[in-house]
Amino acid sequence: GPPPTGPVAREIVLKAVAGYGAAWTSRDPEAAAALFTENAVYVERAFDRRATFVGVDKIRDYWRRQIQQHQSNIKFRHVEHALVRDADRPVAVVTWLPGGWKVR
């Protein structure tokens, strides 16, 4: 079908961010991949092409290599009051506070 238009519902954003946090804290590449569309773009670090992954398979592979193998003891807190939704497009900007993780 046609791409969505208009603002994305706050509840949808909150559910997606909760799913992302659950995937990250459990270090689950499959749960993370399930949050993205087939042609999604995942930017781990802005302005670094080596840290930008295109497509759900590349996103899943990144999570397997980096999150699952090198991070542990992850804490995640969504800063809900910082949520910004575009009034005209299905776009939202979210903020979360990571912490406690260890990189091996």
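Placed above this text is the structure.
The sections below set out a description of the structure shown in this document. (Residues numbered from 1 in each chain as written. Predicted model: local features only at pLDDT ≥ 70, side-chain atom pairs only at ≥ 80, totals over all residues. Heavy atoms only, no water.)

## Re a nonpolar patch on the surface
Consideration 1: A cluster of nonpolar residues, Val41, Val43 and Val54, forms a patch on the protein surface that exposes about 260 Å² of accessible area.
Consideration 2: Mapped onto the secondary structure, Val54 falls in strand 2 (residues 52-54).
Consideration 3: Residue class for Val54 comes out exposed when judged on its relative accessible area of 52%. (Patch = residues over 30% accessible without salt bridge, like charges linked within 9 Å, V, L, I, M, F, W, Y side chains within 5 Å. Areas by Shrake-Rupley, 256 points an atom, 1.4 Å probe, with all protein chains shown as cover. Salt bridge = Lys/Arg side-chain N within 4 Å of Asp/Glu carboxyl O. Helix = DSSP H or I, 4+ residues; strand = E, 2+ residues; numbered from the N terminus. Buried < 20%, exposed > 50% of the residue type's maximum accessible area, 1.4 Å probe, protein only.)

## A word on the packing of aromatic side chains
Pairs of aromatic rings are described using the distance from one ring centre to the other and the angle between the two planes.
Consideration 1: On inspection of all chains with the given rule, the structure shows ten aromatic pairs.
Consideration 2: Plain terms: the ring middles of Tyr20 and Trp96 are 4.9 Å apart, the flat faces sit at 35° to each other, and that makes the pair tilted. Note that Tyr20 is positioned in helix 1 (residues 10-25) and Trp96 in strand 7 (residues 96-99), a separation of 76 residues in sequence.
Consideration 3: With relative accessibility at 12%, the residue Tyr20 sits in the buried group.
Consideration 4: With a relative accessible area of 29%, Trp96 lands in the partly exposed category.
Consideration 5: Ring geometry for Trp24 and Phe76: centres 6.0 Å apart, planes at 80°, overall edge-to-face. On the criterion of sequence distance, the pair formed by Trp24 in helix 1 and Phe76 in strand 4 (residues 75-78) is long-range, its members being 52 residues apart.
Consideration 6: Residue Trp24 is classed as buried on the basis of its relative accessible area of 8%.
Consideration 7: Ring pairs connect the aromatic residues Tyr20, Trp24, Phe36, Tyr42, Phe53, Tyr62, Trp63, Phe76 and Trp96, which therefore count as one cluster. (Phe/Tyr/Trp six-rings, centres within 6.5 Å; stacked < 30°, edge-to-face > 60°.)

## A look at the pattern of salt bridges
Consideration 1: Tallying each qualifying case throughout the model produces nine salt bridges.
Consideration 2: With a shortest N-O distance of 2.5 Å, Arg64 and Glu30 are connected by a salt bridge. Here Glu30 lies in helix 2 (residues 29-33) and Arg64 lies in helix 3 (residues 56-70), a separation of 34 residues in the sequence.
Consideration 3: Assessed through its relative accessible area of 34%, Arg64 is described here as partly exposed.
Consideration 4: Given a relative accessible area of 41%, Glu30 falls into the partly exposed group.
Consideration 5: In this structure, a network of salt bridges that share partners links the residues Glu30, Asp57, Arg60, Asp61 and Arg64.

## Some words on helix 3
Three- or four-residue spacings in an α-helix give side chains the same orientation, since the helix completes a turn every 3.6 residues.
Consideration 1: In a regular helix each residue adds 1.5 Å, so 15 residues correspond to 21 Å; helix 3 covers 20 Å between its end C-alpha atoms and thus fits that length.
Consideration 2: Where helix 3 is concerned, the buried positions are Val56, Ile59, Arg60, Tyr62, Trp63 and Ile67.
Consideration 3: The elements touched by buried residues of helix 3 are helix 1, helix 2, strand 1 (41-43), strand 2 and strand 3 (71-72). (Expected span 1.5 Å × (residues − 1). Contact = heavy atoms within 4.5 Å.)

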